[in-house]
Amino acid sequence: LGQRALDEANRYLEGKGGRRLLPDDAGVRNPILDGAGSESDFHGFSQYLEDMAALEPEVRARNGPAREPGEEGAINPLLLQHVGGAAAGAVVGGATGDDPANRTRNALIGAAVGAAVPGALRLRNARMVEGAMTGAVRIKGARSVEGVEIPTTGRTPGAPDTPLRDPMAGVDVFLEKFAPEIRSGLRDVFERNGGFEAQRRGAVHQAQADRLAQGVLVDFQKRIKPGTTLNVEGIRAHTDALATAQAKVNDLAAKVAQGQNRDADIVALEAAKAEVSTLGASLMGARSEAGRALAQFRILARVLDSNNPKLLAEAAGTLRGDAAQFAQAFTQLPDDPVARFRWLQAQDRPGVREQVRQYYYANILSGVKTHERNILGNVANTVNNLMVHPAAAGLDALKATVTGAPRQITLDEIPSQLAGMVGGFERGLSEALFSLKHGVNRSALTQSLSAAEAGKLDVPRVEFGGGGANPFNWPGRALDSADQFFRAIAKQQEAYGLAHAQAKREGLKGAAFEDRMAGLLAGDGEHGQRIAEQADTFARRAVFQEKAGPLVGLMQSAAKKYPELSFVVPFMKTPANIFRQGFEFSPAGFGMKAARQEGRAGTQAQARAALGSAALGGLAYLAATGRLSGSGPRNPAERAQLMESGWRPNSVKVGDHWIEYSLFQPVSIPAAAIGNAFEAWRAEGMKARSAPGKIAGALQGFARSGLDQSFLSGVAGLFEMIEGRSLDSAAKYVGQQAHGLLPFAGAQRSLTTAVDPVVRAPQGIVETVKAGVPGLSSSVEPRLDRFGHEVTRPGGPVRRAADPFNVSGVSDDPVVAELGRLGVSMGPQTAQMALPPGQRLTRQENFDVRHLKGTAVGRVLANLIALPAYQQLPDPAKVDVLERAINKTRAGVTVAEKPLIKGRILSNLQQAGR
């Protein structure tokens, strides 16, 4: 039964007043197997196991939900669920109603319902959650430090403590080497033991040489040390011994099943099972180590064959000299995953360029809206996944009817998915707190520790010294913790849905159905492991962190080699995934790789494409009716007119407000494409272009939509500078990049917009930087609208700094409305004047002239539009009257102010000593 199991049994029996199974000085094997123990001792140990299993729910119910070490005093996640539900219900309820009293009543009702929903979902799935947790306890000989498991049985210092992504990967090929009659027995052993994961560090095997294997002695009672490799004859000897032991198990099991066994046969059967387990663990461990060694040789061979000095230097730097010595030093560390990770961080000493890049990242990610947009983007994708499920279930039902294949997705999974999301809330909160506290999530931590076992330094994210005490580490930790929170919720959502579908396919109902779901959620068997993998893939996609394609991989490698590229495109993986998911949510999705997958994942991708295609009709209708915008016109006059009316780029008009839709990912990608295409079509139509010209313009607008995304602002600014071909464009771009080098540039910009509502018009690099610095922005010249007024941001300080949707109300100015209705184009005012040769307006004089012109034009137009005679004119005559009024007023202001401006110039010249 194993020494640790005997120790537990002895402690139990002593507590019951019984005698020990073995005396303290006994140096023999298990007395049960040797026949030295009494039958009552064996029944006592069995009763101990049953008592522990029975007490587990009671202990958990009494102690409450498990908490992560180091989280004493944290908010109770269950309480937080109810509070969050109440808040969400209050918001939804308060948004409905015709008067304040009605809205208050609805808010109270919504809060009560929202607070009750988490409890109702937990009660429905209490049995499944209980079974899943009990199933997780079945893993023997393991402990965990802050949620990161460290095996503690049969392990030596330095043995790998990282779960394999798929412990059963490749086992089918391996089992084909054995006779058919014993394959099922071996598979059952491997599945029950999780592929003997603790014994392995990779996956490849090769066995030959029958003659030499006959002379190899195999120890049936002792596993080989983890990390040990076997030669050819050793592998074959262990393979033959495993086949012989499993054949013995089959024969003895058949006797027992037929009732033809003796008592000795039962003991022999248990001994044979133990031999199969021991040999299986040794062989799987050796197979894993051989695969890792071969992979390392292939890597080194490619580096050496390239004869590239840079690659050789990088390989040497990655191995830190001798990989074996690195791994040996690593394994001498305490069995604390966080302490080991800290040691790895200390070994990773980034260069100056890498440190500058991390410093730049911390600065630009420190803004309030950055984190709001990250959270809201994850929320939008989570909601999108729930909306896609009914469509996927319908599509799967149709496919099952046509092909006769079993159902992969069912509509009645939704309650289970919601319950999984509620359960994932607690897990997500734990994952978020872990990432905030340690600066690394559990998944990345496990990956780093696994790489270190093989002598490779792989730290996921570079941090500055000081850990959580260093504020430059806060932005990165905050973004990662938010992703981990939503990733855990998405993972539980999909895992519960997958388990529900599998249990339903097996025809189970009632308690058997819930027990089966619990076992699958605990990872039992091949189906349980496959569910865990699929749920993890689904969760990565939910936070736009799925594996990037080869092109993005090359770009990431280039940015790592040349950190300067990060100033133009700071982020690559997440934007690329957002783009890909956006196009998957469109007709193009039917032809993409995701939709060509088999099974559940392929059906989900096809449903996304179908739902996105249907949504395009609604988006096109909004764009055609002027309620969905793209990036807008580039002509200053046209853009100023739209902005003053309340219009905003990349927004949707809801009632009397424009709301930015870029956060509604991944729908924002096709929405921007549709908006730009319609705007380009209308612009070409105004130019009286032919149909091919309109189509070409629409396609060009469609292609431009990518640069409208906030995460590509650096690329958009670079293109704008190239297209502008002027010093002003270059100064603006360089100034924006330079501002990112200021400490916490994003937070500074948020604070600036809070305390300074005026939109500034900087000129040059220095002023561009100052415009984003609190206290200095007021020294930069304000931007003036067409009527000489300062352009301001709507709302109070909090809204200006923290409104991620950039909500803007429709203007009620009658002059703006009339000019827009009639299509009268009037750009921003200029300060052009006929001055003596060699004389120029000062910057202040330029500002004053534009202000005077704008206010005068606004006054004249307001008075003109209010005249009854104007109201009786037809629209073409109104256009003519307005255009003539604008031109004459501008000219009159210029003439009237000319002497004053000349006097100022002469005075300035005299003061300057000219």
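Bear in mind that the values here come from a model prediction, so they are computed numbers and not experimental data.

A. Just the overall build of the protein, in detail. For the protein, the count of helices and strands is 36 helices and five strands. A burial count over the protein gives 41% of its 914 residues as buried. For the protein, the share of sequence-separated contacts (at least 6 apart) that also reach a separation of at least 24 residues comes to 71%. Accessible surface, the protein: about 46,700 Å² in total, of which carbon and sulfur atoms supply 60%.

B. Molecular detail of the packing of helix α16 (residues 368-403) against helix α19 (residues 474-505). Taken N-terminus to C-terminus, the directions of α16 and α19 make an angle of 10 degrees; their axes are 10 Å apart at the nearest point. In terms of axis orientation, α16 runs roughly parallel to α19. Counting all contacts with α16, which are made through T370, H371, N374, I375, N378, V379, T382, N385 and L386, the residues of α19 involved are P475, A478, L479, A482, D483, F486 and Q493. Residue classes in the contact of α16 with α19 are distributed as eight nonpolar, seven polar and one charged.

C. Structural view of a nonpolar patch on the surface. A cluster of nonpolar side chains, contributed by I375, V379, V383 and M387, occupies part of the molecular surface with about 310 Å² of accessible area. Structurally, M387 is set in helix α16. With relative accessibility at 52%, the residue M387 sits in the exposed group.

D. Main features of the pattern of salt bridges. In the structure shown here, the tally under the stated rule is 25 salt bridges. Residue E431 pairs with R427 through a salt bridge whose shortest N-O separation is 2.9 Å. Of the two residues, E431 and R427 are both situated in helix α17 (residues 414-438); the distance of four residues between them amounts to about one turn of the helix. Across the salt bridge formed by R608 and E584, the nearest N and O atoms sit 3.6 Å from each other.

E. Here's a closer look at unusual backbone geometry. At the junction of Q665 and P666, the peptide bond is cis and its omega measures out at 0 degrees in the coordinates. Assignment of secondary structure puts P666 in the loop between β4 (657-660) and α26 (668-686). Not every positive phi belongs to a glycine, and F544 is a case in point at roughly 60 degrees. Following the sequence through the fold, F544 ends up in the loop between α21 (525-542) and α22 (550-561).

F. Up close: the packing of aromatic side chains. Counted under the stated rule, the structure contains six aromatic pairs. Seen from their ring centres, F425 and F485 are 5.3 Å apart, and the 85 degrees between their planes marks the pair as edge-to-face. Taken together, the positions of F425 in helix α17 and F485 in helix α19 put the pair 60 residues apart, joining distant regions of the chain. Under the relative-accessibility criterion, F485 is labelled buried at 16%. Taking the centre distance of 5.8 Å and the plane angle of 20 degrees together, the rings of F664 and F805 count as stacked. One end of the pair, F664, is in the loop between β4 and α26; the other, F805, is in the loop between α32 (797-802) and β5 (808-809), with 141 residues separating them in the sequence. A residue is classified by how much of its surface remains accessible, and F805, at 23% relative accessible area, is partly exposed. Pairwise contacts between aromatic rings join Y359, F464, F472 and F744 into one cluster.

G. Quick peek at the environment of N846. For N846, the position within the fold is in helix α34 (residues 843-866). For N846, a relative accessible area of 28% gives the class partly exposed. Placed 16 residues apart in sequence, N846 and T830 show a C-alpha to C-alpha distance of 8.1 Å.

H. Representation of the sheet that holds β4. Across the sheet, which stays open at both edges, the three strands sit in the order β3-β4-β5 with antiparallel pairing between neighbours. Of all strands in the sheet, those bounded by a partner on one side alone are β3 (651-654) and β5.

I. Up close: the confidence of the model for the protein. For the protein, mean pLDDT is 74; residues scoring 70 or higher make up 62% of the total. Here residues 309-313 scores under 50 on pLDDT; set against residues more than four positions off or in separate chains, the count is five contacts.

What counts and how
- Residues numbered from 1 in each chain as written.
- Predicted model: local features only at pLDDT ≥ 70, side-chain atom pairs only at ≥ 80, totals over all residues.
- Heavy atoms only, no water.
- Helix = DSSP H or I, 4+ residues; strand = E, 2+ residues; numbered from the N terminus.
- Buried < 20%, exposed > 50% of the residue type's maximum accessible area, 1.4 Å probe, protein only.
- Contact = heavy atoms within 4.5 Å.
- Areas by Shrake-Rupley, 256 points an atom, 1.4 Å probe, with all protein chains shown as cover.
- Axes fitted to C-alpha atoms, helices over the stretch in contact; angles between N-to-C directions.
- Parallel < 35°, antiparallel > 145°, perpendicular 65-115°, else oblique.
- Nonpolar A, V, L, I, M, F, W, Y, C, P; charged D, E, K, R; others polar.
- Patch = residues over 30% accessible without salt bridge, like charges linked within 9 Å, V, L, I, M, F, W, Y side chains within 5 Å.
- Salt bridge = Lys/Arg side-chain N within 4 Å of Asp/Glu carboxyl O.
- Phe/Tyr/Trp six-rings, centres within 6.5 Å; stacked < 30°, edge-to-face > 60°.
- Pairing = 2+ DSSP bridges.
- pLDDT = per-residue confidence, 0-100.

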